[in-house]
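Structure assessment
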Amino acid sequence: MSITESRRRRRLHPAWIVAAVAFLALVGAAGFRAAPGVLMVPLQQEFGWSTTVLSAAVSINLVLFGLTAPFAAALMEKFGIRAVTATALVMIGAGSALTVLVNQSWQILLTWGLLIGLGTGSMALVFAATIANTWFSKSRGLVIGILTAGSAAGQLVFLPFIAVLAQDPGWRQASLLIAAGALAVVPLVLKFLKNSPADVGALPYGETAPEEGAAASAAAASPAADSGRSSNAAVRALQVLKRASRERTFWALVAGFAICGATTNGLIGTHFIPSAHDHGMPQTTAAGLLAVVGIFDIVGTIASGWLTDRYNPKVLLAVYYQFRGIGLLVLPLLLSATVQPSMIVFVVIYGLDWVATVPPTAAICRKTFGADGSVVFGWVFAAHQLGAAAAALGAGAIRDATGEYTYAWFGAAAMCTIAAVISATIRKDKTDKDPVPVPVTAA
């Protein structure tokens, strides 16, 4: 059966099945993203560890989370999306399950930091970009928005249960829940997450079928080209970094996304619950607020994907960062022992803006760097996590030194304004004029 006939007989394009499984994989991998803020206080109470020590474990996780991403993108090109994704989920599950055995601070650095950091980094947001770029020729921004919302959905699903379990029976049961969530998705990934449209005799969604002879020729030539280009995943990732570093756009995206990570995963994701607890708010209540952030994150990220397909992504980035900065500026005034209407407004706005930056950032990477786009986004995402790691550690140190987080919130608000200015002034590089992906050559 020809590709054209096969596509005509399908009611649902296989790209959407792959996207659905990828969404579930991101949900399963997102359990730990909700955990540190909830588990930090119970661990301190049981072991007497300082906020700085636990923040260091989160920082190691975030650094590895980020630095693994560009190599994971290259590994997906070489070994396939399915194998890398399944391995990553197993690492997340193992790291979370082993956490129940820790009794020394260095052990939490290994489980929260090393194992889970490598696992989550192999999934990360670069996974969403790889799925979208491989399986979709149109609606890529929308797909990246939906897949990115998978992480928010994971936070939404896991966070309330983690908070309840952390109180009774305890944080160990919460860690086992995270492990179960990651491992439960592995069978679906192995069965349904195909590596490319060619695996099922299809074209990417939205791509017009060429003439029969041309289609057969392209299908035969494509794997060979990909194989040569990705024969060494580490070399491929480093070569892409070398090429991308020559472009001003790359450094603008790196700076903006580092601030994005600092003000989401690093600061709010790690320290919002402990900060609310400092003001007398119960942990379960604060966790519920963070779960609401996750609800509106889903809405905001999907909407951002839709907007990215229609409007200038750099303008969207500037707007997103500035709104986030305003929210952080007023947050110290909103924290109290009870939930006030003003806090609900903050949670809704911050949720809509949480990772709305991902679709426009991925779109700029794809447009500017063509065939290198997914790996470039991996490097940009690495900056996101390095920023998050610095903020997680820095905010913990500020809390230990001053007894509160106020200076951390104000500093993050100022950084958001810087990110907005940087994003608004992104200049078009020469490759912007050519939307056709440029083949990668060996260095």
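Please read all numbers here as calculations on a predicted model, not as lab measurements.

Scoring rules and cut-offs
- Residues numbered from 1 in each chain as written.
- Predicted model: local features only at pLDDT ≥ 70, side-chain atom pairs only at ≥ 80, totals over all residues.
- Heavy atoms only, no water.
- Phe/Tyr/Trp six-rings, centres within 6.5 Å; stacked < 30°, edge-to-face > 60°.
- Helix = DSSP H or I, 4+ residues; strand = E, 2+ residues; numbered from the N terminus.
- Buried < 20%, exposed > 50% of the residue type's maximum accessible area, 1.4 Å probe, protein only.
- Contact = heavy atoms within 4.5 Å.
- Salt bridge = Lys/Arg side-chain N within 4 Å of Asp/Glu carboxyl O.
- pLDDT = per-residue confidence, 0-100.

Our next topic: the packing of aromatic side chains. Taken as a whole, this structure holds ten aromatic pairs when the rule is applied. Between Trp-16 and Tyr-205 the ring centres are 5.2 Å apart and the planes differ by 70 degrees, which places this aromatic pair in the edge-to-face class. With a gap of 189 residues between them, Trp-16 in helix α2 (residues 14-29) and Tyr-205 in the loop between α9 (186-192) and α10 (212-229) connect regions that are remote in the sequence. The exposure class of Trp-16 is partly exposed, given its relative accessible area of 27%. For Tyr-205, a relative accessible area of 22% corresponds to the partly exposed category. For the ring pair Phe-136 and Tyr-205, a centre distance of 5.8 Å and an interplane angle of 65 degrees mean the geometry is edge-to-face. With Phe-136 in the loop between α6 (105-135) and α7 (140-167) and Tyr-205 in the loop between α9 and α10, this residue pair connects regions lying 69 residues apart in the sequence. Residue class for Phe-136 comes out buried when judged on its relative accessible area of 0%. An aromatic cluster of three or more residues is present, and its members are Trp-16, Phe-136 and Tyr-205.

Looking at where Val-355 falls in the secondary structure, it is placed in the loop between α16 (341-353) and α17 (358-369). When the C-alpha atoms of Val-355 and Gly-261 are compared, they prove to be 9.1 Å apart, with 94 residues separating the residues in sequence. For Val-355, the contacting residues outside a window of four places in its chain are Thr-148, Asp-297 and Thr-301.

On to the pattern of salt bridges, then. Considering all chains together, one arrives at five salt bridges under this definition. In this structure, the salt-bridge partner of Arg-236 is Asp-372, at a minimum N-O distance of 3.0 Å. With Arg-236 in helix α11 (residues 233-244) and Asp-372 in the loop between α17 and α18 (373-402), this residue pair connects regions lying 136 residues apart in the sequence. Residue classification places Asp-372 among the buried positions, given a relative accessible area of 9%. Linking Asp-278 and Arg-399 is a salt bridge whose minimum nitrogen-to-oxygen distance equals 2.7 Å. In this pair, Asp-278 sits in helix α13 (residues 268-278) while Arg-399 sits in helix α18, placing the two residues 121 residues apart along the sequence. Relative accessible area serves as the criterion here: at 34%, Asp-278 is assigned to the partly exposed category.

What follows concerns the confidence of the model for the chain. Detailed reading of the predicted model is not advised wherever pLDDT is low. Averaged over every residue, the pLDDT of the chain is 81; residues scoring 70 or more account for 87%. Within the chain, the element-level pLDDT minimum falls on α10, averaging 41, and the maximum on helix α19 (residues 406-424), averaging 94. Segment residues 212-230: pLDDT under 50, and ten contacts once partners within four positions in sequence are set aside and those in other chains are kept. Contacts from residues 429-443, a stretch scored under 50 in pLDDT, to residues over four places away or in other chains number 24 contacts.

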